[in-house]
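Structural features, examined
This is what each chain is made of:
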Amino acid sequence: MKENKFDLTERLEDFAAAIIILYDKKPLSYAGDYLAKQLIRSSCSSALNYGEALVAGTSKDKINKLRISLKELRESQRNLNIQSKAQLFSEESLSNLKDENDQLIRIMVTRIKNIN
């Protein structure tokens, strides 16, 4: 992930890309494949919905898109936790992703609160 910790758009895109890279190089079990596909969808969706929020026409629409992005980040968090508990990857492989996911959730919650 890039060093710029202040550009949320970049961080969300980098988070999604890091997940794609992690799963693109490893043959997976049925469960691993299922969770990987869902995690790729939710991480990419968080970045895409955030992009939509940036160009939203109204505050209500912007808040809605940010909430969707937050929901997808929380889904990603649960997915990573399940994969960790099921030992589909080493904790070392997932720790940076889990940390970044947690930080992104905190930032998104703050953004939503600051709109109101």
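Here's a quick rundown of the structure. Computed from a predicted structure; not experimentally measured.

**Considering the overall build of the chain**
Helix and strand counts for the chain come out as four helices and zero strands. Ordered by position from the N terminus, the helices and strands of the chain form the series α-α-α-α. In summary, the chain has a C-alpha radius of gyration of 14 Å against a globular reference of 13 Å for 116 residues, a match within 12%. Its C-alpha atoms give the chain principal-axis dimensions of about 45 × 25 × 20 Å.

**Some details on helix α3 (residues 59-85)**
When the terminal C-alpha atoms of α3 are compared, their 39 Å separation across 27 residues agrees well with the 39 Å that a helix rising 1.5 Å per residue should span. Buried within α3 we find Ile63, Leu66, Ser69, Leu70, Glu72, Leu73, Ser76, Asn79, Leu80, Gln83 and Ser84. The inward-facing, buried residues of α3 contact α1 (8-24), α2 (30-54) and α4 (91-115). In the segment just after α3, Gln87 is the residue with positive phi, at about 55 degrees.

**So, the nonpolar core**
The nonpolar side chains of soluble globular proteins are, as a tendency, buried together. Membership of the largest hydrophobic core comes to 22 residues, with the highest contact counts inside it found for Leu12, Phe15, Tyr23, Leu73, Leu97 and Met108. At the level of elements, α1, α2, α3 and α4 are the ones that each hand at least two residues to this core. Contacts of Leu12, omitting those with residues within four sequence positions, involve Ser46, Ala47, Tyr50, Leu73, Leu104 and Met108.

Cut-offs and rules
Residues numbered from 1 in each chain as written. Predicted model: local features only at pLDDT ≥ 70, side-chain atom pairs only at ≥ 80, totals over all residues. Heavy atoms only, no water. Helix = DSSP H or I, 4+ residues; strand = E, 2+ residues; numbered from the N terminus. Rg over C-alpha atoms; globule rule 2.2 N^0.38 Å. Expected span 1.5 Å × (residues − 1). Buried < 20%, exposed > 50% of the residue type's maximum accessible area, 1.4 Å probe, protein only. Contact = heavy atoms within 4.5 Å. Core = buried A, V, L, I, M, F, W, Y, C linked by side-chain atoms within 4.5 Å.

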